Amino acid sequence: MRVRSTSALLSLPLALGLAAPTLADDATLDFGVPAWPGITVKTEIAAQLLEPLGYETRAEELGMQVVYQGLDSGDLDVFLGGWLPAQNSIYTPLEESGAITPLANNVDGARMTLAVPEYLYEQGIQSFADLDANRDSFEGKIFGFGAGSAASEILNEAIDNDTWGLGDWQLVDTSVVGMLTAARDAISREEPIVWVGWTPHWMNLEMDMRYLDDPQDLFGENNGASQVLSVARSDYAEAHPNLVDFFANFTFSAEEQSWMIREFGQKERGVEAVAQQWLREHPERVQAMLEGVTTRDGDPAWPAVEKALASR
């Protein structure tokens with residue numbers, strides 16, 4: 001599998017090095033992959049499973065908005081990171097137009113909302129409603145991971161509307177690394193801090209943290225419960241029913257993907273090695289993922305994959 005880094009500021013055909021949109025019967029499955037560890041590892045796992053089935057794959061590293069543009073234009077085929085409701089503003093118009101088709105929720109237990117250290121939760125800061133009463137302790141700051149992110153838009157709107165009394169609070173938008181460094185530093189000193197947390201992510205494995213309750217569902221229903229959709233451009237899905245069956249079964253728990261993110265994103269192991277380890281350690285899961293799926297020649301998928309895994 002070849003990963004090519006490109007700029008989200010380029011026009012999509014130029015960014016992908018394509019002169020014309022990919023046709024639905026193109027021999028290569030083109031994945032759009034933002035530089036997010038979880039999506040990167042999942043895409044590699046999919047590629048390693050699809051190769052022995054006779055499929056060629058290519059992963060293009062692009063910004064999220066460019067990925068959706070690529071699905072819409074036909075330059076990309078599949079995206080494994082359709083995080084909803086956070087991406088609703090860009091995802092919903094494309095689904096309603098018929099340009100894209102959801103194939104499955106590929107992460108069970110995903111969530112995004114505000115988080116605090118375990119010790120603050122035990123002290124009684126358990127809800128968004130508890131924040132403003134403790135504003136001075138937090139210095140009126142919420143730490144986010146990047147201006148322009150869906151989380152940033154949600155929190156800026158809450159500040160503008162004085163939701164939960166946040167009208168005089170400040171959103172400190174840095175980066176994922178900057179935000180989590182601030183959280184770890186505060187936790188090491190047992191100081192107050194509130195930040196945008198989500199699962200799957202290694203933070204859930206490495207940090208003693210709790211998610212705040214939000215009866216107003218700022219981050220979505222059920223306290224920020226999320227779906228992470230496998231999304232295909234619709235004409236590609238229609239032309240490849242066998243791959244639709246594959247991605248319908250291609251799912252993980254939030255804990256499993258948190259492990260992938262830690263191994264690749266935090267420990268900086270190679271993506272191929274992380275994917276291979278997960279596949280080696282979960283043969284029953286792999287076999288279940290391939291139920292009802294065939295090779296491109298129409299043979300059962302599992303024997304071909306089993307043979308390929310044994311040779312690695």
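The structure this text deals with has already been given above.
What comes next concerns the included structure.

Calculation rules
Residues numbered from 1 in each chain as written. Predicted model: local features only at pLDDT ≥ 70, side-chain atom pairs only at ≥ 80, totals over all residues. Heavy atoms only, no water. Pairing = 2+ DSSP bridges. Helix = DSSP H or I, 4+ residues; strand = E, 2+ residues; numbered from the N terminus. Right-handed = clockwise from strand over helix to strand, strands pointing away. Buried < 20%, exposed > 50% of the residue type's maximum accessible area, 1.4 Å probe, protein only.

**Some points on the pairing of strand β9 (residues 170-173)**
- Pairing analysis gives four bridges linking strand β8 (residues 141-144) to β9, with the strands arranged parallel. When the bridges of β9 are listed, Lys 141 appears paired with Gln 170.
- Between β8 and its parallel partner β9, the chain crosses via helix α7 (residues 150-160), and the hand of that crossover is right-handed.

**A few points about the pairing of strand β2 (residues 28-33)**
- Burial of β2 is extensive: six of the six residues sit out of reach of the surface.
- Across the two faces of β2 the burial is the same, with Thr 28, Asp 30 and Gly 32 and Leu 29, Phe 31 and Val 33 all buried.
- One ladder, built from six bridges, connects β2 with strand β3 (residues 56-61); its direction is parallel. By the bridge assignment for β3, Asp 30 is matched with Arg 58.
- For the segment spanning β2, helix α2 (residues 37-50) and β3, crossover handedness is right-handed.
- Relative to strand β4 (residues 78-84), β2 runs parallel, the two being bridged by two bridges. From the neighbouring strand, Gly 32 faces β4, where its bridge partner is Phe 79.

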